[in-house]
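# Chain and residue survey
Okay, here's what each chain looks like letter by letter:
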Amino acid sequence: MKRPLLPVALVYGGGLLLAAAIQPPLLFLFPFAFALLLLALGWARARAFVIWPLLVVVAWVNLVNRTAVISPNDLRKIADPEPALVTVRGTLEETPSLRVYGQGERESFRTLARVRVTALVRGEKWQLADGPIMVSTKGELPAAYFTGREVEITGVLAPPPLPLVPGQFDYRNHLARQGIYFQLKSDSTNDWRAVNSATAGPPFTDRFLAWAQRTLACGLPESDEPLRLMWAMALGWKTALTGEVSEPFMRSGTMHIFAISGLHIALIAGILVSLLRVLRMPRVWCGLVVIPLIWFYTAATGWQSSAIRSTVMMTIIIGGWSLRRPTDLLNSLAAAALVILLWDPQQLFQASFQLSFFVVLSIALFMPPLEKLRDRLLAHDPLLAPEVMTKWQRAGRSILRALSTSLVTSLAAWLGALPLTAYYFHLFSPVTLLANLVVVPMSSFALMCNLGSLICGGWLPWATELFNHCGWFWMLGMVKLSRWATDLPGGYFYVASPSAFTFVIYYGLLIGTMSGWLWQPERRGRTALAIFLVTVFYAWQSYATRKDIELTILPLNGGHAEYLDAAGRANDWLMDCGNTNSFEFITRPFLRAQGVNYLPRLMLTHGDLKHVGGAELLTAEFHCHEIFTSSFRFRSPAYRRLFADLQREPYHLQTLHRGDQAGPWQILHPTETDESNQADEGALVRRGEFHGVRVLLLSDLGRTGQNRLLDRTNDLRADIVVSGIPTQSEPLCAALLDAIRPRVIIIADSESPATARANERLKDRLNRRNVTVLYTREAGAVMVSFRPNGCEINTANNQHFKLKDLPEMSLLPLAPTSEPLE
């Protein structure tokens, strides 16, 4: 068999997928696996068939064993599922890392650390516990905390948060794939305490990284952005990769240069092998020297998963080359994948693993046919002897061939990673082909300079400084080029995540076309028919959903926003966006996940910054065509400055009041003459009707505004009502509820600040109405889908309702109420 490990890796990976879907008890899996093993060992004739289900079961056992609760002291048994104040004792599994967050000039610092818990205390009594946790602390920890240090930390222990809105990063799932099921949040570094004094000092990797950072900075005037990015690229220093800095690299598809990955390992291995071969060292000795050195680099940069994957694969390739064994890239790739998944089966479900292996797989599969196509295009006249060509013609052909090889490599990698980047990052970046054509060679030169600097170190300070200045120059060029690439028209687009069916169709068509298998004469007819049927399916799907409308209520920090995804992108609406923090971490990721690149209409319903503070950032990034605001004269100086800035910008700014119609929305409140000291009383109240379902959006309307709305409107009936939490009163007074009589009430409350939470009095009052009430603090975002055949409601925490199955709200008998009056 030419590639014996390829089917083994594929079958083992299939077993991991099966294990992710079905997890029976280990007491069943172990005997089953043992029985298959005995059968394979004892029945030689059946061995060739039994080995495959045995591989599946081995993978199954491996993954279930990593995720099952076995120890009686497992944190999943000991810790509360609800947030609780505890003190934990444990050992640092890695040196804490600093993260920088901010917008513009404002920065905040947070330290992340992985701790292996051995005990915890709630109250006064310590109890044994076992399991890793992720600790998040405000500020920067002192250097005295490093890998292996025993510590005690006080904070709030809880499961990591679920994503609030579609498209937001699933931090809980991300940590679970690393075997972490709890997160501890501490308010400051004062909540940390070292249990015993350090005797051994920081580990070698920490000392190496500190020395390497000082060496790479030698001779440079200050710690600026290119230098910090040099540390990130050469040493895996993540602190430099803030959201603002990394975004141009993400959009241009060049972010991969900052992961200690195949590019770094291959470059280091290539330089070392070349030097040793120049010294006429035999292949075997080259392998014995180079393999330990690349593992040293992987260890020195913190054992990052991407580095381990690349080093495993390079070890296999160099080992085969050293032993003069015939090498096959696909077989080596399968061997590397098998080794990694045996060591950590959860890697299969991580984006970095999938991208790494799909990119290398794509290069292995797609480069040969693409190179054949290139050779046909660049073939010279066969009747023209090479000796006839001039020196400049031969040089030009060599340069053109080198450039085309880089382009073919970039194209193969881009084609292989295309659906994955759309799924995980919601990006489609045509400019990636152009950017990587230049950035990858520049990053290679920068890495060479960094390695030269580290080799020279303090021995040759003049050479170290020269290498540093050259590396700084190349990094500055990469920064400028990535930003320029993202500014090109059509350079990148945000797209919605492709479906599993789209993945299968894309890769099947791509691999079949590149290999030529689909277009062999005997299969061309069936291939053309299959493509036609797939095209008809997508056309039918688009036609069947052309009238579908979705309204999403986004919970923000103290406010909320509504996004209406109507038929056709030009008819979409965003109503409010939250403050700058909410926009950055909730609203913007949500819009990108929906494939929104520009907003045709933005409505600002409120006058406080918790609803509209991020409007300037929003309009700058999503290029809003029309902006609508309330005619109410809000007193907030910040809102007035924002309103004045929007008037100066080239936006079509309109004010709305009662009686106006804005797209599908009828404005019910306020009037042009309404006045109040409270901003909540001037919030825009909108009503819309979609496929026969009425929706009433109240924003954070206060009690005075509710009374005015009742006095002026005869018919307030709605099937669904959405309301936030007013600052000084409760939402949805009894009289207003009786006038609306909804089937579903959505209360847009938040965990913080505390004043934005729905209190128990409000919950009790609404529960007495025998109506479905959804609180966004608990349910997350609420998605209401309007279709010609009915209305469905789904929440981020996986609740599902059909509007027709929900009862209408009960009316209470007239009686004195305890509702707060203004």
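The rules behind these values
Residues numbered from 1 in each chain as written. Predicted model: local features only at pLDDT ≥ 70, side-chain atom pairs only at ≥ 80, totals over all residues. Heavy atoms only, no water. Helix = DSSP H or I, 4+ residues; strand = E, 2+ residues; numbered from the N terminus. Rg over C-alpha atoms; globule rule 2.2 N^0.38 Å. Buried < 20%, exposed > 50% of the residue type's maximum accessible area, 1.4 Å probe, protein only. Contact = heavy atoms within 4.5 Å. Areas by Shrake-Rupley, 256 points an atom, 1.4 Å probe, with all protein chains shown as cover. Lys, Arg positive; Asp, Glu negative; His and termini not counted. Charge placed at Lys NZ, Arg CZ, Asp CG, Glu CD. Pairing = 2+ DSSP bridges. Salt bridge = Lys/Arg side-chain N within 4 Å of Asp/Glu carboxyl O. Right-handed = clockwise from strand over helix to strand, strands pointing away. Axes fitted to C-alpha atoms, helices over the stretch in contact; angles between N-to-C directions. Core = buried A, V, L, I, M, F, W, Y, C linked by side-chain atoms within 4.5 Å. Patch = residues over 30% accessible without salt bridge, like charges linked within 9 Å, V, L, I, M, F, W, Y side chains within 5 Å. Phe/Tyr/Trp six-rings, centres within 6.5 Å; stacked < 30°, edge-to-face > 60°. Polar contact = N/O pair within 3.5 Å; in protein donor to acceptor, adjacent residues only side chain to side chain. pLDDT = per-residue confidence, 0-100.

## Comments concerning the overall build of the protein chain
Along its length, the protein chain carries 26 helices and 25 strands. The C-alpha atoms of the protein chain give 31 Å as radius of gyration, which agrees with the globular expectation for 822 residues (28 Å, within 12%). Seen through its C-alpha atoms, the protein chain measures out along the principal axes to roughly 95 × 75 × 70 Å. Here the protein chain holds 822 residues, and the buried ones make up 47% of them. Within the protein chain, counting contacts between residues at least 6 apart in sequence, those at least 24 apart form 71% of the total. Per element, the accessible surface of the protein chain, about 40,100 Å² overall, is 61% carbon and sulfur. Across the protein chain, 76 positive and 66 negative side-chain charges occur, with their mean positions spaced 10 Å apart.

## Quick notes on the pairing of strand E23 (residues 782-787)
Judged by how many residues are buried, E23 sits mostly within the fold: 5 of 6 residues are covered. The sheet contact formed by strand E10 (residues 549-555) and E23 spans 5 bridges and is antiparallel. For Thr552, the partnering residue across the bridge sits in E23 and is Met783. One ladder, built from 6 bridges, connects E23 with strand E24 (residues 790-795); its direction is antiparallel. Across the sheet, the residue bridging to Arg787 is Gly790, located in E24. Connecting E23 to the antiparallel partner E24 that follows it, the hairpin turn spans 2 residues.

## Some details on the pattern of salt bridges
In the structure shown here, the tally under the stated rule is 31 salt bridges. For Arg122, the salt bridge goes to Asp80, with nearest N and O atoms at 3.3 Å. With Arg122 in strand E3 (residues 106-122) and Asp80 in the loop between helix H4 (75-78) and strand E1 (84-92), the pair connects residues that are 42 residues apart, well separated along the chain. With relative accessibility at 30%, the residue Arg122 sits in the partly exposed group. Ionic pairing is found between Asp608 and Lys610, a salt bridge with its closest N-O pair at 3.9 Å.

## Details of the pairing of strand E21 (residues 744-747)
Side chains Val744 and Ile746 of E21 all project onto a buried face; the interleaved residues Ile745 and Ile747 project onto the opposite face, where all are buried too. Bridge analysis of strand E20 (residues 720-723) against E21 gives 4 bridges, and the strand direction is parallel. If you follow Val722 over to E21, its bridge partner there is Ile746. Note on the crossover from E20 through helix H24 (residues 734-740) to E21: the handedness is right-handed. One ladder, built from 4 bridges, connects E21 with strand E22 (residues 772-775); its direction is parallel. Across the sheet, the residue bridging to Ile746 is Leu774, located in E22. The parallel pair E21 and E22, bridged by helix H25 (residues 760-767), forms a crossover whose chirality is right-handed.

## Observations regarding unusual backbone geometry
Omega for the peptide link from His669 to Pro670 comes to 0°, which places this bond in the cis form. Inspection of the secondary structure puts Pro670 in the loop between strand E17 (665-669) and strand E18 (685-690). Its identity as a non-glycine residue notwithstanding, Asp576 has a phi of 75°, on the positive side. With a phi close to 50°, His691 is a non-glycine residue in the positive phi region. The residue His691 is located in the loop between E18 and strand E19 (693-697) in this model.

## Describing the side chain of Gln350
Its location among the elements puts Gln350 in the loop between helix H12 (329-343) and helix H13 (351-378). Residues contacting Gln350, with those up to four places away along its chain left out, are Arg177 and Gln178.

## Re the sheet that holds strand E11 (residues 560-565)
Strand order in this open sheet of 9 strands is E15-E14-E13-E12-E11-E10-E23-E24-E25, and the pairing throughout is mixed. Every interior strand has two partners, whereas the edge strands, strand E15 (652-656) and strand E25 (800-802), have only one. Taken over all neighbouring pairs, the strand axes of this sheet differ in orientation by 15° on average, direction set aside. In the packing of helix H19 (residues 580-593) onto the sheet, contacts are made with E10, E11 and strand E12 (573-575), and the angle to E10 comes to roughly 160°.

## Quick notes on the nonpolar core
Ranked by internal contacts, the top residues of the largest apolar core, which has 32 residues, are Tyr12, Leu16, Val64, Leu341, Leu348, Phe353 and Phe357. The set of elements that each furnish at least two residues to this core consists of helix H1 (5-21), helix H2 (26-42), helix H3 (47-67), helix H11 (305-322), H12 and H13. Among the elements that line this core, the one with the most residues is H3, at 9 residues. The residues contacting Leu341, other than those within four sequence positions of it, are Tyr12, Leu16, Asn62, Gln347, Leu348 and Phe353. Ile553, Leu564, Leu697 and Ile793 belong to the second-largest nonpolar core, a separate cluster that totals 30 residues.

## Brief notes about the sheet that holds E19
Read from one edge of the open sheet, 7 strands run E16-E17-E18-E19-E20-E21-E22, paired in mixed fashion. The sheet terminates laterally at strand E16 (661-662) and E22, the two strands that pair on one side only. The strands that helix H23 (residues 703-712) touches are E17 and E18; relative to E17, the one it contacts most, it runs at about 110°.

## Side note on a nonpolar patch on the surface
Taken together, the side chains of Phe34, Leu37, Leu38 and Leu41 present a nonpolar region at the surface, about 400 Å² in accessible area. Assignment of secondary structure puts Leu37 in helix H2.

## Observations concerning the packing of aromatic side chains
Applying the stated criterion to the full structure yields 29 aromatic pairs. Taken together, a centroid distance of 5.6 Å and an interplanar angle of 80° make the contact between Tyr563 and Phe590 edge-to-face. In this pair, Tyr563 is assigned in strand E11 and Phe590 in helix H19, connecting sequence segments 27 residues apart. With respect to burial, Tyr563 and Phe590 carry one shared label: buried. Geometrically, the ring pair formed by Trp665 and Phe690 is edge-to-face, given 5.5 Å between the ring centres and 75° between the ring planes. Taken together, the residues span a long stretch of sequence, with Trp665 in strand E17 and Phe690 in strand E18 at a distance of 25 residues.

## Quick word on the side chain of Glu681
As for its position among the elements, Glu681 is in the loop between E17 and E18. One buried charge, Glu681, has no salt-bridge partner; the nearest side chain with opposite charge is Arg708, at 6.2 Å. For Glu681, the side chain forms a polar contact with the main-chain nitrogen of Thr704, separated by 3.4 Å.

## So, the confidence of the model for the protein chain
Reading fine detail from the predicted coordinates is not recommended where pLDDT is low. Of the residues in the protein chain, 96% have a pLDDT of 70 or more, and the chain-wide mean is 86. For the stretch residues 815-822, pLDDT sits under 50, and the model shows 11 contacts to residues farther than four places along the chain or on other chains.

## Quick notes on the environment of Ala269
Mapped onto the elements of the fold, Ala269 is located in helix H9 (residues 262-278). On the basis of relative accessible area, Ala269 is assigned to the buried category, the value being 3%. Among all residues touching Ala269, those that are not within four sequence positions of it are Val290, Ile294, Met314 and Ile318.

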